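Residue strings, one per chain:
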Amino acid sequence: MAEIELIEAFRNAGQDQVFRFFDELSPAEQAALLAEAAEIDLAEVARLKRELIDAAGDGAVDLEGLEPAPYESRPESGGDAAVWAEAFKLGEKVLRAGRVGMFTVAGGQGTRLGFDGPKGTFPITPVRSATLFQVFAEKIAAAGKRYGRILPWLIMTSHQNHAATESFFEENNYWGLDPSQVRFFRQGRMPALDEAGKIMLASKGSIAMSPDGHGGSLRALERSGSLDWLESLGVDTISYFQVDNALVRCVDPAFIGWHLDRQSEMSSKMVPKAYAGEKVGHFCRQRDRTVVVEYSDLPAAMQEETDDAGALRFIAGSIAIHVLDREFVRRLAIGGADVALPFHLARKKIPTIDSAGNPVKPTEPNGIKLEMFVFDALPFARNPVIIETPRQDDFSPVKNAEGVDSPATCQADLLRQYARWANAEGAALNLDESGLPSVTFEVAPSFGYDEPSFADSWRGRAAPISLEDQTVLS
Ligand code: UTP
């Protein structure tokens, strides 16, 4: 769109404040502002203003007919071992056939961690201080070796961290992965709106834009050509995980096999909530659809409800690990009013400028950010399945600098996992009551990235393995 037409479109949409200081800007600044403005879908902004701001009720989520979602357990949690062994075999078969691609969402801002740089560049392992990206790269490389396939890996970044993410991979030679197997793409952005639905400026020459949420990954996969890329490689199944979860089994044959066997378009892992008020989303059923209700939206009384055996009724906590069918993602990304992810609104402190162009650093929320969540794809999926997974094998996110879900808790969970694997092979490590070994050691994914691969390497060593403090098995 030509410059004049773009400015005109903003004026017609009642958004002319975006260009209020346009004449004061240098040509380069003007070009940058125009480029940002061109990213904005004005019709979408107008619709969101109408639906989310003007027509907002009391903000309460629709709880009518909400029931806990059914889920199926792995053998560790009481599931049928023979059926899971079949699923494992099927998963391995499709991995060997090259039908599976990995997908990491890494476009978040990581505000709570407060780390300067993309979250994936955070050092996490106990001895090598390998970063989150390195851990995933090594798991993917090791699984690729096991299945005799180059496993493609998609990484969604944000405008803010894209360049830093790519350079980090280059500086580290992709940890041995073939660069052509890794594809980075940026997620979309949304402008912040004020309470009147006006697009906010961050400065005279820039719009207050922020990433459109992990749910934005679905349309970004399509818009970036990544779905076509997967198709050209023969990949029809996507293993989705978050950049902050060092423990995740990014290549999980049993989960992949289960998803395919059930002809599911989107499968999810759940962990039983540790306590009623744990801050995770809840898998539920409502009007014959699977939905996730966030902890902030489910009344405390419902979170605390128990069944006859005294267990929490709404027990299935969402941990943001999914398997997705490629064409399901495409269907949602192309969308249409009845198959589109909804936006959620969050009132935040948004640095902006006043009408005279002076910077404003708000101390109270002054604007609205708009985000999509990936779990909102579930109601659109055919045959969605939820499986229970042991938390200790799949989930330990790095969210906060300290306390719960922090680097310290994640590192301890990694150590416990290494110790469990080693003791299962007869290492006889001393553990405290939380399962933490008395020596700090590390299992590089090249040695073992899950229990079976660890067992194979351990048994394959001619000499007995001794685990001293600071040992790295690789
Ligand atoms: P979180 O919801 O934890 O958000 O993201 P965050 O931005 O990383 O951290 P805070 O809330 O600012 O502290 C969960 C996962 O979704 C990704 C993140 O990178 C992380 O892997 N994500 C989140 C995106 O890729 N894009 C987004 O817009 C938001």
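It should be emphasised that the depicted structure is a prediction, and the values quoted were computed from it without experimental measurement.

### Thoughts on the pairing of strand β12 (residues 281–286)
Burial analysis of β12 places five of its six residues in the buried class, which makes it a mostly covered element. Here two bridges tie strand β1 (residues 67–68) to β12, and the two strands are oriented antiparallel to one another. Bridge pairing in β12 links Pro68 to Cys284. Relative to strand β14 (residues 316–325), β12 runs antiparallel, the two being bridged by two bridges. When the sheet's bridge partners are listed, His282 is paired in β14 with Gly317.

### Looking at the layout of surface pockets
Of the volumes computed, that of the second largest pocket is approximately 1,500 Å³. Taken together, 44 residues make up the lining of the second largest pocket; nearest its centre are Leu52, Pro342, Phe343, His344 and Asp376. Looking at the lining of the second largest pocket, the elements that each hand over two or more residues are α3 (42–54), α7 (216–223), β13 (289–293), α11 (326–334) and β15 (344–348). For the lining of the second largest pocket, the leading source of residues is α3, giving five residues. The residue makeup of the lining of the second largest pocket, split by class, is 24 nonpolar, seven polar and 13 charged.

### Observations regarding the packing of helix α4 (residues 81–96) against helix α9 (residues 253–261)
Orientation of α4 relative to α9, taken along the N-to-C sense of each, is 95 degrees, at an axis distance of 6 Å. Judged by the inter-axis angle, α4 sits roughly perpendicular to α9. Residues Val83, Trp84, Ala87, Phe88, Leu90, Gly91, Glu92, Val94 and Leu95 of α4 pack against Pro253, Ala254, Ile256, Gly257, Trp258, Leu260 and Asp261 of α9. The residue makeup of the contact of α4 with α9, split by class, is twelve nonpolar, two polar and two charged.

### Some remarks on the pattern of salt bridges
By the definition in use, this model includes 38 salt bridges. Measuring nitrogen to oxygen at the nearest pair gives 2.8 Å for the salt bridge that ties Lys269 to Asp394. Here Asp394 lies in helix α12 (residues 391–394) and Lys269 lies in strand β11 (residues 266–272), a separation of 125 residues in the sequence. Note on Asp394: relative accessible area 0%, which makes it buried.

### Digging into the packing of helix α8 (residues 226–233) against α11
The interhelical angle for the contact between α8 and α11, taken along N-to-C directions, is 155 degrees, at an axis separation of 10 Å. On the basis of their axis angle, the class for α8 and α11 is roughly antiparallel. Here α8 and α11 pass one another in a crossing that is left-handed. Contacts between α8 and α11 involve Leu227, Asp228, Leu230 and Glu231 from the former and Arg326, Glu327, Val329 and Arg330 from the latter.

### Considering the site of the ligand
Around the ligand, the structure places 18 residues, and the nearest of them are Gly107, Gln109, Thr111, Gln187 and Lys399. A distance of 2.8 Å is found between an oxygen atom of the ligand and a backbone nitrogen or oxygen belonging to Gly107. The contact in question runs from an oxygen atom of the ligand to an N or O atom on the backbone of Gly110, over 3.2 Å. Summarising the interface, the protein chains cover 86% of the accessible area of the ligand, which totals 570 Å² for the free molecule. Looking at the shell around the ligand, its residues break down into five nonpolar, nine polar and four charged.

Scoring rules and cut-offs
Residues numbered from 1 in each chain as written. Predicted model: local features only at pLDDT ≥ 70, side-chain atom pairs only at ≥ 80, totals over all residues. Heavy atoms only, no water. Buried < 20%, exposed > 50% of the residue type's maximum accessible area, 1.4 Å probe, protein only. Helix = DSSP H or I, 4+ residues; strand = E, 2+ residues; numbered from the N terminus. Pairing = 2+ DSSP bridges. 1 Å grid on protein atoms, 1.4 Å probe; cavity = no way out; pocket = protein on both sides within 12 Å on 5 of 7 lines; lining within 4 Å. Points joined across faces, edges and corners; volume = space filled by probe spheres on them. Nonpolar A, V, L, I, M, F, W, Y, C, P; charged D, E, K, R; others polar. Axes fitted to C-alpha atoms, helices over the stretch in contact; angles between N-to-C directions. Parallel < 35°, antiparallel > 145°, perpendicular 65-115°, else oblique. Contact = heavy atoms within 4.5 Å. Salt bridge = Lys/Arg side-chain N within 4 Å of Asp/Glu carboxyl O. Left-handed = near helix turned anticlockwise from the far one by under 90°. Near = heavy atom within 4 Å. Polar contact = N/O pair within 3.5 Å; in protein donor to acceptor, adjacent residues only side chain to side chain. Areas by Shrake-Rupley, 256 points an atom, 1.4 Å probe, with all protein chains shown as cover.

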